[in-house]
Amino acid sequence: DLVRFNVLSIAAFVLAMLVNRRGWHLASVITSVLELTVHQALCVTYLGWASGFQYYLLVIPSITNFLPEGRNVIKVTLVLLSGLAYVALSHVSQTLPPAFSVPPATSQWLHDVNIVAVAGTLGLFAFFFNRAANLAEERLDVEHQKVEDLLHSILPVSIARRLQDSSQVIADAFPAATVLFADIVGFTTLSLQTNPTDLVATLNDIFTRFDRLADQYGLEKIKTIGDAYMVAAGVPEAMPNHAAAMADFALGAMAEIEKVAPLLGNPIRLRIGVHSGPVVAGVIGKKKFIYDLWGETVNRASRMESHGVPGEIQVTDATKLLLEDAFVFEDRGMVAIKGIGETKAWLLKSRK
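Residues numbered from 1 in each chain as written. Predicted model: local features only at pLDDT ≥ 70, side-chain atom pairs only at ≥ 80, totals over all residues. Heavy atoms only, no water.

## Side note on the overall build of the protein
Secondary structure assignment for the protein yields eleven helices and eight strands. Taking 20 Å as the expected radius of gyration for a compact globule of 352 residues, we find that the protein reaches 37 Å, considerably beyond that expectation. Counting only C-alpha atoms and orienting by the principal axes, one finds that the protein spans roughly 115 × 45 × 35 Å. Across the 352 residues of the protein, 40% fall into the buried class. Counted over contacts in the protein with a minimum sequence separation of 6, partners at least 24 positions apart contribute 67%. Summing over all exposed atoms, the protein offers an accessible surface of approximately 19800 Å²; the carbon and sulfur share of this is 61%. The protein carries 29 positive and 33 negative side-chain charges, and their two centres are separated by 5 Å. (Helix = DSSP H or I, 4+ residues; strand = E, 2+ residues; numbered from the N terminus. Rg over C-alpha atoms; globule rule 2.2 N^0.38 Å. Buried < 20%, exposed > 50% of the residue type's maximum accessible area, 1.4 Å probe, protein only. Contact = heavy atoms within 4.5 Å. Areas by Shrake-Rupley, 256 points an atom, 1.4 Å probe, with all protein chains shown as cover. Lys, Arg positive; Asp, Glu negative; His and termini not counted. Charge placed at Lys NZ, Arg CZ, Asp CG, Glu CD.)

Structure, rendered in structure tokens:
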């Protein structure tokens with residue numbers, strides 16, 4: 001009988017593994033627990049309490065950990081049933097003799113083997129659970145790092161950390177900063193002659209070059225709007241040489257466009273506007289949030305670009321005064337700026 005039952009036990013565990021592979025985890029666990037309970041009950045009935053087969057019931061709480069999330073009622077029920085089975089076998093074995101008379105030495109040998117086997121099984125479960133927990137933690141760390149990298153690609157690192165640490169509105173005033181707007185002149189014409197994939201690839205190449213320059217000079221890219229690029233110096237961290245760093249960026253951006261334009265077979269040029277002064281910076285939005293700038297400095301920089309000259313870097317008097325010791329300028333005279341009026345403008349040409 002025990003031989004036939006062992007064959008049935010093996011078949012039950014194979015069935016449990018097969019249904020588990022199909023994703024039926026609940027059925028797999030219940031099958032395993034029922035087989036284990038019935039198996040140990042028969043072994044103790046046949047061979048006696050001293051054989052130690054009842055200790056396998058202690059494995060059932062570990063098996064229930066394989067249940068899917070949200071099955072706590074079933075888990076508690078199975079654990080209670082295993083405990084009740086253990087207590088019931090204890091009482092039955094005290095009142096009824098085992099079906100087979102087993103020599104004390106054999107019974108002791110079975111007891112020791114079963115103790116070692118149960119301890120080994122519990123240790124194996126503990127190892128795999130710990131390994132699974134470590135793997136899950138590593139994957140969580142990887143995903144967390146991806147989120148961190150994505151957040152840092154959208155926001156300045158210091159702002160991203162403040163946003164994570166606090167739910168308060170982030171808004172800062174910077175008394176001295178420089179803002180630049182750049183627009184690709186001729187890009188609209190190019191878009192009519194280029195397929196969408198190549199067009200986006202071209203724009204990505206140009207803006208990637210600008211991003212590298214921004215990193216090189218310690219500037220903060222604010223955003224792109226179509227084929228326009230906005231960058232700031234002196235935010236979110238103060239920068240004593242904000243105007244000079246921006247001037248170097250502007251000259252570098254002009255040089256990059258000169259490299260790209262011949263490859264496109266279409267004449268494109270860059271029109272840049274720059275202004276220096278106080279700005280307010282902060283994060284707006286709860287979804288698709290953005291780090292942005294506000295104030296008259298931003299408006300004047302934008303106007304310098306929109307009223308500028310293709311292929312030139314137009315700056316205000318305020319920026320020129322910060323740079324005149326190290327850079328060469330050409331006087332453009334007074335420029336009529338919409339909403340502002342006549343404004344003195346200069347064209348940045350090079351470093352001295």
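Once the structure has been displayed, the description carries forward.
## Re the packing of aromatic side chains
Counted according to the given criterion, the structure contains nine aromatic pairs. Ring plane angle 40 degrees and centroid distance 6.0 Å describe the contact between Phe207 and Phe210, whose orientation is recorded as tilted. Here Phe207 and its partner Phe210 are both found in helix 8 (residues 196–217), three residues apart, which amounts to about one turn of the helix. The same class applies to Phe207 and to Phe210, which are both buried. (Phe/Tyr/Trp six-rings, centres within 6.5 Å; stacked < 30°, edge-to-face > 60°.)

## Some details on the pattern of salt bridges
If you walk through the whole model with that rule in mind, you get 14 salt bridges. A salt bridge links Asp211 to Lys221, with the nearest nitrogen and oxygen atoms 3.4 Å apart. Linking Asp211 in helix 8 with Lys221 in strand 2 (residues 220–225), this pair joins segments that are ten residues apart in sequence. We classify Asp211 as partly exposed; its relative accessible area is 23%. Of the charged contacts, one joins Asp292 and Lys223 as a salt bridge, the two residues approaching to 3.0 Å between their closest N and O atoms. Taken together, the positions of Asp292 in strand 5 (residues 290–294) and Lys223 in strand 2 put the pair 69 residues apart, joining distant regions of the chain. Take Asp292: its relative accessible area is 8%, and that puts it in the buried class. For Lys223, a relative accessible area of 21% translates into the label partly exposed. One network of salt bridges, with partners in common, ties together Asp205, Arg209, Glu256 and Lys259. (Salt bridge = Lys/Arg side-chain N within 4 Å of Asp/Glu carboxyl O.)

## Digging into the environment of Gly70
By secondary structure assignment, the location of Gly70 is in the loop between helix 3 (60–63) and helix 4 (72–95). Placed 173 residues apart in sequence, Gly70 and Ala243 show a C-alpha to C-alpha distance of 59 Å.

## A word on helix 2 (residues 25–47)
The end-to-end C-alpha distance of helix 2, which contains 23 residues, comes to 33 Å, matching closely the 33 Å that a straight helix rising 1.5 Å per residue would cover. Those residues of helix 2 lying buried are Ser28, Val29, Ser32, Val33, Glu35, Leu36, His39, Gln40, Cys43, Val44, Tyr46 and Leu47. In the segment just after helix 2, Gly48 is the residue with positive phi, at about 95 degrees. (Expected span 1.5 Å × (residues − 1).)

## Focus on the packing of helix 8 against helix 9 (residues 242–264)
The contact between helix 8 and helix 9 brings their axes to 10 Å, and the two run at 155 degrees. Taken together, the axis directions place helix 8 and helix 9 in an arrangement best described as roughly antiparallel. Crossing of helix 8 against helix 9: the hand is right-handed. Contact residues: helix 8 offers Thr202, Asp205, Ile206, Arg209, Phe210, Leu213, Ala214 and Tyr217, while helix 9 offers Ala245, Asp248, Phe249, Gly252, Ala253, Glu256, Ile257, Lys259, Val260 and Leu264. For the contact of helix 8 with helix 9, the class distribution of residues is eleven nonpolar, two polar and five charged. (Axes fitted to C-alpha atoms, helices over the stretch in contact; angles between N-to-C directions. Parallel < 35°, antiparallel > 145°, perpendicular 65-115°, else oblique. Left-handed = near helix turned anticlockwise from the far one by under 90°. Nonpolar A, V, L, I, M, F, W, Y, C, P; charged D, E, K, R; others polar.)

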